[in-house]
Amino acid sequence: MHVTLDTMVDTLKAAAESSRLRILTLLSRGDLTVSDLTEILGQSQPRVSRHLKLLLEAGLIDRYQEGSWAFFRLSDADQARGFVQGLVSSIDTSDSQVVRDFERLDDVKHKRQERAARYFSANAASWDELRSLHAPDRAVEAALVKLVGKRPFQSMLDLGTGTGRLLEIFAPLYRRGVGIDQSREMLAVARANLDKAGIANAQVRQGDIFSPPVERDAFDLVTVHQVLHYLDDPARAIQEAARLLRPSGRLVIVDFAPHGLDFLRSEHAHARLGFSDRQIEDWLSEAGLELEETQEFEPRGSAKASLTVKLWLARDKRLLVADPNPELQAQRETA
């Protein structure tokens with residue numbers, strides 16, 4: 001896609017200032033708030049806000065709200081993101097100003113990780129109790145990695161991203177990853193985990209799984225990991241997930257098989273006590289998806305009070321129209 005001469009001049013003007021270039025370089029490594037940028041740049045909040053406003057008007061960055069916090073990220077538009085990444089890749093990272101910015105960025109990320117650790121510590125007992133009832137997470141993750149395959153693809157969306165773990169394990173495959181969660185506390189954990197893993201091609205945002213703040217028909221892979229059992233209307237969540245898939249895109253659901261552990265309702269806020277294959281297949285069909293594979297993971301040991309984890313893989317029935325750019329098409333195709 002080409003732009004007019006005037007538009008290109010405006011874009012270049014927006015980026016052609018040292019503080020704004022520093023901001024773009026920092027945002028290439030993850031989403032940040034005005035307060036984060038103020039701390040890193042050592043500038044006043046009004047000045048930083050002015051720079052952000054100009055970058056927003058030029059379409060080089062995006063803004064999204066998370067409670068009372070406003071986060072900024074590089075634009076989701078491929079053309080704008082490609083332009084910024086081209087600029088950033090040309091900057092000498094040994095430049096003394098860039099080095100200082102990255103050191104302060106590391107301090108900001110370290111504070112995130114400390115907050116995440118405190119949240120985990122406060123909730124560890126509850127999570128450990130639940131994990132003890134089902135197959136080890138590593139076994140399920142290994143199956144997911146094998147199922148998705150090794151072929152790179154364009155975009156991934158993780159609905160109810162929680163700790164951001166799925167974004168982390170699939171980061172080598174996608175060009176752009178997005179995680180959605182309603183909990184600000186869990187988003188803080190996810191950001192800390194992605195920062196720690198050095199993953200810059202994934203973002204997390206606050207949003208409702210029934211109305212996620214992302215574009216439709218845009219994702220090659222959508223994952224819903226241990227989320228449906230919290231929902232009053234899981235069928236609606238599946239329908240919404242299907243609308244977000246590109247033609248031939250894949251939806252992966254991980255949840256529990258039907259069980260009778262009623263204490264999970266009162267102590268862990270589970271609205272549903274698992275799902276049958278028939279139930280999931282019917283919902284997928286209603287959403288225009290075709291179930292391709294089902295896997296089952298037996299619980300640890302032989303305890304009676306235990307949970308069987310299920311994995312369902314479905315695909316959008318629409319055919320992917322060939323892209324005139326073979327290289328881009330190869331990136332977008334899934335295994």
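Residues numbered from 1 in each chain as written. Predicted model: local features only at pLDDT ≥ 70, side-chain atom pairs only at ≥ 80, totals over all residues. Heavy atoms only, no water.

**Student:** Looking at this structure, I do not really get unusual backbone geometry. What am I missing?
**Tutor:** One can expect most non-glycine residues to show negative phi and most peptide bonds to be in trans. Of note, Gln 226 is a non-glycine position whose phi angle comes to about 55°, a positive value. With respect to the element layout, Gln 226 can be found in the loop between β7 (219-225) and α10 (234-244). The exposure class assigned to Gln 226 is buried, which follows from its relative accessible area of 16%. Residue Ser 248 is not a glycine yet carries a positive backbone phi of 70°. Position of Ser 248 relative to the elements: it lies in strand β8 (residues 245-256). (Helix = DSSP H or I, 4+ residues; strand = E, 2+ residues; numbered from the N terminus. Buried < 20%, exposed > 50% of the residue type's maximum accessible area, 1.4 Å probe, protein only.)

**Student:** When you look at the pattern of salt bridges in this model, what are you seeing that I'm missing?
**Tutor:** Pairing is possible between side chains of opposite charge, provided their charged atoms come close. In this structure the tally under the stated criterion is 20 salt bridges. Glu 57 is the salt-bridge partner of Lys 53, the closest N and O atoms lying 2.5 Å from each other. Taken together, the positions of Lys 53 and Glu 57, both in helix α4 (residues 45-57) and four residues apart, correspond to about one turn of that helix. Looking at Glu 57, the relative accessible area reads 54%, which means it is exposed. In this structure, Arg 246 engages Asp 220 in a salt bridge whose closest nitrogen and oxygen atoms are separated by 3.0 Å. In this pair, Arg 246 sits in strand β8 while Asp 220 sits in strand β7, placing the two residues 26 residues apart along the sequence. Pair check on accessibility: Arg 246 and Asp 220 agree, each one buried. One connected set of salt bridges, linked through shared partners, spans Asp 62, Arg 73, Asp 76, Arg 176, Arg 205 and Glu 215. (Salt bridge = Lys/Arg side-chain N within 4 Å of Asp/Glu carboxyl O.)

**Student:** Which parts of the structure should I look at to understand the sheet that holds strand β9 (residues 289-297)?
**Tutor:** Strands pair in a sheet through their backbones, by hydrogen bonds, and they do so in one of two ways: parallel or antiparallel. Strand order in the open sheet formed by seven strands is β6-β5-β4-β7-β8-β10-β9, and the pairing between neighbours is mixed. Among the strands making up the open sheet, the edge pair consists of β6 (202-206) and β9. Between one strand axis and the next, the sheet turns by 15° as a mean value, whatever way the strands run. As defined by bridge partners, β7 adjoins β8 across six bridges and the pair is classed as parallel. From the neighbouring strand, Val 224 faces β8, where its bridge partner is Ile 253. Those strands touched by helix α9 (residues 184-196) are β5 (174-181) and β6, and its axis lies near 170° from that of β6. The sheet strands contacting α10 are β4 (153-159), β7, β8, β9 and β10 (309-316), and the helix crosses β8 at an angle near 150°. (Pairing = 2+ DSSP bridges. Axes fitted to C-alpha atoms, helices over the stretch in contact; angles between N-to-C directions. Contact = heavy atoms within 4.5 Å.)

**Student:** Any chance you could explain the environment of Ala 171 here in plain terms?
**Tutor:** With respect to the element layout, Ala 171 can be found in the loop between α8 (165-169) and β5. A residue is classified by how much of its surface remains accessible, and Ala 171, at 11% relative accessible area, is buried. Sequence separation between Ala 171 and Ala 197 is 26 residues; the distance between their C-alpha atoms is 9.9 Å. Non-local contacts of Ala 171, meaning those with residues more than four positions away in its chain, are made with Ile 199 and Asn 201.

**Student:** Sorry if this is basic, but what is going on with the packing of helix α2 (residues 18-27) against helix α3 (residues 34-41) here?
**Tutor:** To characterise two packed helices, one gives the angle between the axes of the helices and the distance between these axes. With their axes 11 Å apart at the nearest point, α2 and α3 run at an angle of 120° to one another. Taken together, the axes of α2 and α3 are oblique relative to one another. At the point where α2 passes α3, the crossing takes the right-handed sense. Along its contact with α2, which presents Arg 22, Ile 23 and Leu 26, the element α3 presents Leu 37, Ile 40 and Leu 41. For the contact of α2 with α3, the residue count by class is five nonpolar, no polar and one charged. (Parallel < 35°, antiparallel > 145°, perpendicular 65-115°, else oblique. Left-handed = near helix turned anticlockwise from the far one by under 90°. Nonpolar A, V, L, I, M, F, W, Y, C, P; charged D, E, K, R; others polar.)

**Student:** Sorry, what's going on with the layout of surface pockets here?
**Tutor:** To locate leftover empty space, one rolls a probe as large as a water molecule over the atoms. Taken as a whole, the second largest pocket encloses approximately 380 Å³ of empty space. Considering the residues around the second largest pocket, the lining is formed by 22 residues, among which Asp 76, Asp 78, Arg 81, Gln 154 and Arg 176 are closest to the centre. Breaking the lining of the second largest pocket down by element, the ones donating at least two residues are β3 (69-74), α5 (78-89), β4 and β5. Sorting elements by how many residues they give to the lining of the second largest pocket places α5 first, with four residues. A per-class count over the lining of the second largest pocket returns four nonpolar, eight polar and ten charged. (1 Å grid on protein atoms, 1.4 Å probe; cavity = no way out; pocket = protein on both sides within 12 Å on 5 of 7 lines; lining within 4 Å. Points joined across faces, edges and corners; volume = space filled by probe spheres on them.)

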